[in-house]
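Spelled out from the first residue to the last, the chains are:
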Amino acid sequence: QVQLVESGGGLVQAGGSLRLSCAASGSTFSIGYMGWNRQAPGKQRELVATIGRRGTTNYADSVKGRFTISRDNAKNTVYLQMNNLKPEDTAVYYCRVDENTSIYWGQGTQVTVSS
């Protein structure tokens, strides 16, 4: 079992920045991909970014050039630096961790961007 604790959401004006963190604990030895998804009201959950254990990254087109995903394997933590935030980035952001054949999700953290 892997437990995930997210932090860093909040309210910010358009053009501002936020940094999300997600710390994994428990059975972390076989953690592979880590990433972030988000879900806006009335919409499906969508991929934001992923990062492999060796640092290979993947981003949704809507966040490329504005968001940066990173990880600290020693701390089993993944980060999402979000710059130049837009109102359409408003959503609940969920951390996702793949461990062996299992997928774990964080509890979600609200990000609200005002115009």
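These lines cover the structure that appears in this document, whether it is placed above or below. Values in this document were obtained by computation on a predicted structure and should not be read as measured data.

Rules used throughout
Residues numbered from 1 in each chain as written. Predicted model: local features only at pLDDT ≥ 70, side-chain atom pairs only at ≥ 80, totals over all residues. Heavy atoms only, no water. Helix = DSSP H or I, 4+ residues; strand = E, 2+ residues; numbered from the N terminus. Rg over C-alpha atoms; globule rule 2.2 N^0.38 Å. Core = buried A, V, L, I, M, F, W, Y, C linked by side-chain atoms within 4.5 Å. Buried < 20%, exposed > 50% of the residue type's maximum accessible area, 1.4 Å probe, protein only. Contact = heavy atoms within 4.5 Å. Pairing = 2+ DSSP bridges. Axes fitted to C-alpha atoms, helices over the stretch in contact; angles between N-to-C directions.

1. Here's the deal with the overall build of the protein chain
Reasoning step 1: Scanning the protein chain for helices and strands turns up 0 helices and 11 strands.
Reasoning step 2: Listing the helices and strands of the protein chain from first to last along the sequence gives β-β-β-β-β-β-β-β-β-β-β.
Reasoning step 3: Over its C-alpha atoms the protein chain spans a radius of gyration of 13 Å, differing by no more than 12% from the 13 Å that the globule rule assigns to 115 residues.
Reasoning step 4: Once the C-alpha set of the protein chain is aligned to its principal axes, its extents read approximately 40 × 25 × 20 Å.

2. Description of the nonpolar core
Reasoning step 1: Among the nonpolar cores identified, the biggest contains 30 residues, and Trp36, Leu80, Met82 and Tyr93 are the most heavily contacted of them.
Reasoning step 2: Looking at this core, the elements with two or more residues in it are strand S1 (2–7), strand S3 (18–26), strand S4 (31–39), strand S5 (46–51), strand S7 (67–72), strand S8 (77–82), strand S9 (91–99) and strand S11 (109–114).
Reasoning step 3: In this structure Leu80 touches Leu18, Arg19, Leu20, Trp36, Val48, Ala49, Phe67, Thr68, Ile69 and Tyr93, once residues within four positions along its chain are discounted.

3. Looking at the pairing of S3
Each regular strand shows side chains that alternate between the opposite faces of the sheet.
Reasoning step 1: In the sheet, S1 pairs with S3 via 6 bridges, with the strands oriented antiparallel. Within the sheet, the bridge partner assigned to Val2 lies in S3 and is Gly26.
Reasoning step 2: Pairing of S3 with S8 involves 6 bridges; the strand directions are antiparallel. Within the sheet, the bridge partner assigned to Arg19 lies in S8 and is Gln81.

4. Notes on the sheet that holds S8
Reasoning step 1: Taken in spatial order, the 4 strands of this open sheet run S1-S3-S8-S7, and their pairing is antiparallel. For this open sheet the edge positions go to S1 and S7, each flanked by a neighbour on one side alone. For this sheet, the mean angle separating the axes of adjacent strands, direction not counted, is 15 degrees.
Reasoning step 2: Where S7 lies against S8, 6 bridges are found, and the strand directions are antiparallel. Looking at the pairing, Ser70 lines up with Tyr79 of S8.

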